[in-house]
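Observations on the model geometry
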Amino acid sequence: MPCPISKDVSLAADQLRKGRLVAFATETVYGLGANAFDTNAVARIFEVKRRPNFDPLIVHIADPNWLDRLVVEIPRDARKLIKHFWPGPLTLVLPKTKAVPDLVTSGLPTIAVRIPDHLQALQLLREADIPIAAPSANLFGRISPTCAQHVAEQLGERSDLILDGGPCRVGVESTVLEFASSATTILRLGGVTVEQIESLIGSVFLAKTAGHPSAKGLSSPGMLSKHYAPRTPLKIESQFGLLPTGKRLGLLTLTPINYSEQFAVVEVLSASGNLNEAAANFFSALQRLDTRRLDLIIAIPFPNEGLGRTLNDRLQRAAD
Ligand code: TXA
Ligand code: MG
């Protein structure tokens, strides 16, 4: 039986409390949620997503005071960021309490936590009255879903319920920022930009992308180099001098270009070159391209600033 899609928040909250899995919308992407304190439910997330258990989950909360149960300490800079960016696409990695199951954090002594900026997600959290552990609601390594239909296509009956909260406004995942005694490091670029973070707390480090898919030496396994990927091969090209001939090509571009007749399908992310609009359209455009039986998707890199950096990061991980 296909998984029901519903807009009933009370039903979804009830399911979560009963240990079921509920896919729900946030401002970034859809998450596949479970009660963070229910280890059986959390274990099913890994199973359903085919996610390796070395890759820890983000825990979603409704209010900063829920942190008391989850983290032992909040550094001063983290407090500043919470005040400024929550609810919003910023995930903070902080030392965890014993109450947080090791399964959620893949055995790490830290927990990743955020408040989503999405009315329905906040209602769900408040009604369920439990922190919700939720990775993006895609199969491991594949394109993140930004609407209920995409969740259904990837996870189908493997989720117990999909709570339809409409299309995601931001469209790329949250920025993951780790606080360690020695340094503050961006583990994953995301919806809050480096510039925004640095204007508030000064310069931060940027973690290097891992070279190959193994957890060894990774502070954040989401830094795997191959991730967020379509099935169709994708290549990043800033110039089209040497396009392969006799192939069905797709183009992913921020703004319209002159030579688009060489492509069977063209996805323009923002006619005016607006990076917020481009981010909101990014994963659904990639998803559409992936269904058009193309031999190759060519992607033009974004300007390397603000959300453009996040989008270039996702492109690099989608590329072969
Ligand atoms: O926008 C988002 O963040 C979405 C929505 C649903 O909230 N969630 C999401 O979750 O993207 P996921 O599981 O796809 O990515 C979580 C990232 C991974 O890169 C994971 O390795 C990292 O957060 N992470 C989680 N816990 C961590 C921890 N304790 N230390 C370091 N990295 C952690
Ligand atoms: Mg993900």
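Above this note sits the structure.
Quick summary incoming for the structure in this document. (Residues numbered from 1 in each chain as written. Chains lettered and ligands numbered in written order. Predicted model: local features only at pLDDT ≥ 70, side-chain atom pairs only at ≥ 80, totals over all residues. Heavy atoms only, no water.)

Okay, the packing of aromatic side chains next. Going through the model one piece at a time under the given rule, you end up with two aromatic pairs. Both rings, one in Phe282 and one in Phe302, keep their centres 6.2 Å apart while their planes meet at 65°; by these two values the pair is edge-to-face. Placement of the pair is Phe282 in helix H9 (residues 275–290) and Phe302 in the loop between strand E15 (296–299) and helix H10 (307–318), with a sequence separation of 20 residues. Look at Phe282 and you get buried, because its relative accessible area is 0%. (Phe/Tyr/Trp six-rings, centres within 6.5 Å; stacked < 30°, edge-to-face > 60°. Helix = DSSP H or I, 4+ residues; strand = E, 2+ residues; numbered from the N terminus. Buried < 20%, exposed > 50% of the residue type's maximum accessible area, 1.4 Å probe, protein only.)

What the 11 strands build is an open sheet, ordered E1-E8-E2-E3-E7-E4-E6-E5-E9-E10-E11; its pairing is mixed. Of all the strands in the sheet, just strand E1 (5–6) and strand E11 (205–206) have a single pairing partner and so form its edges. Relative to strand E7 (residues 132–133), strand E4 (residues 58–60) runs antiparallel, the two sharing two bridges. By the bridge assignment for E7, His60 is matched with Ile132. Together, strand E5 (90–95) and strand E9 (175–179) form the strand contacts of helix H4 (residues 76–85), whose direction differs from that of E5 by roughly 150°. (Pairing = 2+ DSSP bridges. Contact = heavy atoms within 4.5 Å. Axes fitted to C-alpha atoms, helices over the stretch in contact; angles between N-to-C directions.)

With respect to the helices and strands, the residue Leu90 is situated in strand E5. Assessed through its relative accessible area of 0%, Leu90 is described here as buried. Through-space distance from the C-alpha of Leu90 to that of Pro116 is 8.6 Å; in sequence the pair is 26 residues apart. Excluding its chain neighbours within four sequence positions, the residues that come into contact with Leu90 are Leu81, Phe85, Val113, Arg114, Ser174, Thr175, Leu177, Val192 and Ile197.

Let us look at the environment of Pro87. Residue placement: Pro87 occurs in the loop between H4 and E5. On a C-alpha basis, the gap between Pro87 and Arg114 in space is 7.5 Å, while along the polypeptide they are 27 residues apart. Setting aside anything within four residues of it in sequence, one finds Pro87 in contact with Ile115, Pro116 and Asp117.

Among the residues making up helix H6 (residues 119–128), those that are buried are Gln120, Ala121, Leu122, Leu124, Leu125 and Ala128. Buried positions along H6 lie against helix H1 (9–17), strand E2 (22–24), E4, E7 and strand E8 (161–163). The first or second residue beyond H6 is Asp129, which carries a positive phi of 60°.

Judged by how many residues are buried, strand E10 (residues 184–188) sits mostly within the fold: five of five residues are covered. The sheet contact formed by E9 and E10 spans four bridges and is antiparallel. By the bridge assignment, Leu177 is partnered in E10 with Ile186. Hairpin remark: E9 followed by E10, antiparallel, with four residues in the connecting loop. Sheet analysis places E10 next to E11, joined by two bridges and oriented parallel.

All right, on to the pattern of salt bridges then. Between side chains of opposite charge, pairing is possible as soon as their charged atoms come close. According to the stated counting rule, one finds 11 salt bridges in the structure shown. With a closest N to O distance of 2.8 Å, Arg114 and Glu27 form a salt bridge. Within this pair, whereas Arg114 is found in strand E6 (residues 110–114), its partner Glu27 is found in the loop between E2 and strand E3 (31–35), the two being separated by 87 residues in sequence. Taken as a pair, Arg114 and Glu27 share a single burial class, namely buried. Note that Arg44 and Asp160 form a salt bridge whose closest N and O atoms lie 3.0 Å from each other. With Arg44 in helix H2 (residues 39–49) and Asp160 in the loop between helix H7 (148–155) and E8, the pair connects residues that are 116 residues apart, well separated along the chain. Residues participating in the shared-partner salt-bridge network are Glu173, Asp313, Arg314 and Arg317. (Salt bridge = Lys/Arg side-chain N within 4 Å of Asp/Glu carboxyl O.)

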